[in-house]
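# Working through the structure, step by step
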Amino acid sequence: MKSIGKWLKMQWISKKFRMLMLGMLSATAMLGAEFYIFEYGILKALRYLILLWCLTAAAWIDYRSRRIPNMLLLILLFSRAAVLAGECLCCRECAAELLFSSGMGFLTGGGIFLLYYLSARGGVGAGDVKLFAVLGYYFGAGYILTAVFLTVLTAALYSVAALLMKKTTLKQELPFAPFALAGTVLTIMLGV
């Protein structure tokens, strides 16, 4: 825990990091209201809040260093497993469906990006493949495609705008986790 606190202190110096934290606090409040209005269960709300905050850290790290730490992905993976176990205990009649959907989401999210990773040299990193496998584990088979679509759409819109404003070039690499965060927030706001 000391290292997390130390890391946060170091990042807090950056105005962009403070703005990101303010945005995430606002998004958390808005999503909390949505969860309440649409009567999400506590486990579903917890699942999405854990996902959003860990994904925010991944997006920031990817933005700064062009990598997604495996430790953060493992935290997401084990957190989802714990919440999934709770969901299965609360709804024993739908436990098999929950497990199947989560597993298929994992394979779908990871599989899409694995194919892209293998076919387009340098376009997507291995961290992105693992990230989308974990996102699929969180969203399940039914909604990972929505998250992938919205992520790619936000990345494409940003890229076109940045090219038009001459803030980037076609050869410049972009970190993908910030767009995954945007796509995830949009997917959750659509009421997954």
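Residues numbered from 1 in each chain as written. Predicted model: local features only at pLDDT ≥ 70, side-chain atom pairs only at ≥ 80, totals over all residues. Heavy atoms only, no water.

### What about a nonpolar patch on the surface?
- Taken together, the side chains of M71, L74, I75 and F78 present a nonpolar region at the surface, about 420 Å² in accessible area.
- On the basis of relative accessible area, I75 is assigned to the partly exposed category, the value being 38%. (Patch = residues over 30% accessible without salt bridge, like charges linked within 9 Å, V, L, I, M, F, W, Y side chains within 5 Å. Areas by Shrake-Rupley, 256 points an atom, 1.4 Å probe, with all protein chains shown as cover. Salt bridge = Lys/Arg side-chain N within 4 Å of Asp/Glu carboxyl O. Buried < 20%, exposed > 50% of the residue type's maximum accessible area, 1.4 Å probe, protein only.)

### Overview of the environment of G32
- Note on placement: G32 falls in helix α2 (residues 15–37).
- Taking C-alpha positions, G32 is 13 Å from W53, a pair spaced 21 residues apart along the chain. (Helix = DSSP H or I, 4+ residues; strand = E, 2+ residues; numbered from the N terminus.)

### With respect to the state of the cysteines
- In the structure shown here, the tally under the stated rule is one disulfide.
- The disulfide bridge from C91 ends at C94, spanning 2.0 Å between sulfur atoms.
- Here C88 is not cross-linked by a disulfide; its sulfur's nearest cysteine counterpart is in C94, at 7.4 Å.
- What makes C88 buried here is its relative accessible area of 12%. (Disulfide = S-S within 2.5 Å.)

### As for the packing of helix α6 (residues 126–139) against helix α8 (residues 177–189)
- Where α6 contacts α8, the two axes come as close as 11 Å, and the packing angle between them is 15°. Viewed along their axes, α6 and α8 adopt a mutual orientation that is roughly parallel. With respect to the hand of their crossing, α6 and α8 are arranged in right-handed fashion. Contacts from D128, L131, F132, L135 and F139 of α6 reach α8 at A177, A180, T184, T187 and I188.
- By residue class, the composition of the contact of α6 with α8 is seven nonpolar, two polar and one charged. (Axes fitted to C-alpha atoms, helices over the stretch in contact; angles between N-to-C directions. Parallel < 35°, antiparallel > 145°, perpendicular 65-115°, else oblique. Left-handed = near helix turned anticlockwise from the far one by under 90°. Contact = heavy atoms within 4.5 Å. Nonpolar A, V, L, I, M, F, W, Y, C, P; charged D, E, K, R; others polar.)

### Some remarks on the nonpolar core
- Counting 37 residues, the largest nonpolar core has L131, L135 and F139 as the members making the most contacts within it.
- When contributions to this core are tallied by element, the ones reaching two or more residues are α2, α3 (42–65), α4 (70–90), α6, α7 (144–164) and α8.
- Take this core: its biggest share by element is nine residues, from α3. (Core = buried A, V, L, I, M, F, W, Y, C linked by side-chain atoms within 4.5 Å.)

### Some details on the side chain of R80
- Secondary-structure assignment places R80 in helix α4.
- Accessibility expressed as a relative area gives 1% for R80, which makes it buried.
- Polar side-chain contacts of R80 include one of 2.9 Å to the side chain of E87.
- With near-sequence residues (within four places) excluded, R80 lies in contact with R47, E87, S102, Y137 and Y138. (Polar contact = N/O pair within 3.5 Å; in protein donor to acceptor, adjacent residues only side chain to side chain.)

### With respect to the confidence of the model for the protein
- Of the residues in the protein, 98% reach a pLDDT of 70 or more, and the chain-wide mean stands at 91.
- Of all helices and strands in the protein, the one with the weakest mean pLDDT is helix α1 (residues 2–12) (82), whereas α6 scores best (96). (pLDDT = per-residue confidence, 0-100.)

### Observations regarding the packing of aromatic side chains
- All chains considered together, the criterion is met by 13 aromatic pairs.
- Arranged with centres 6.4 Å apart and planes meeting at 55°, the rings of F176 and F179 form a pair that is tilted.
- For F176, a relative accessible area of 15% corresponds to the buried category.
- You can call F179 buried: its relative accessible area is 11%.
- Taken together, the ring pairs connect W7, W12, F17, W60 and Y63 into an aromatic cluster.
- Lying over the aromatic face of Y40, K44 brings its terminal NZ or CZ to 4.5 Å of the ring centre.
- The ring of Y138 carries R80 above its face, with NZ or CZ at 6.0 Å from the centroid. (Phe/Tyr/Trp six-rings, centres within 6.5 Å; stacked < 30°, edge-to-face > 60°. Lys NZ or Arg CZ within 6 Å of the ring centre and 35° of its normal.)

### Regarding the side chain of D62
- Following the sequence through the fold, D62 ends up in helix α3.
- One buried charged side chain, D62, makes no salt bridge at all; its nearest oppositely charged neighbour is R66, positioned 6.1 Å away.
- Sequence-distant contacts of D62, defined by excluding residues within four places in its chain, comprise R67, I68, D128, P175, F176, A177 and P178. (Lys, Arg positive; Asp, Glu negative; His and termini not counted.)

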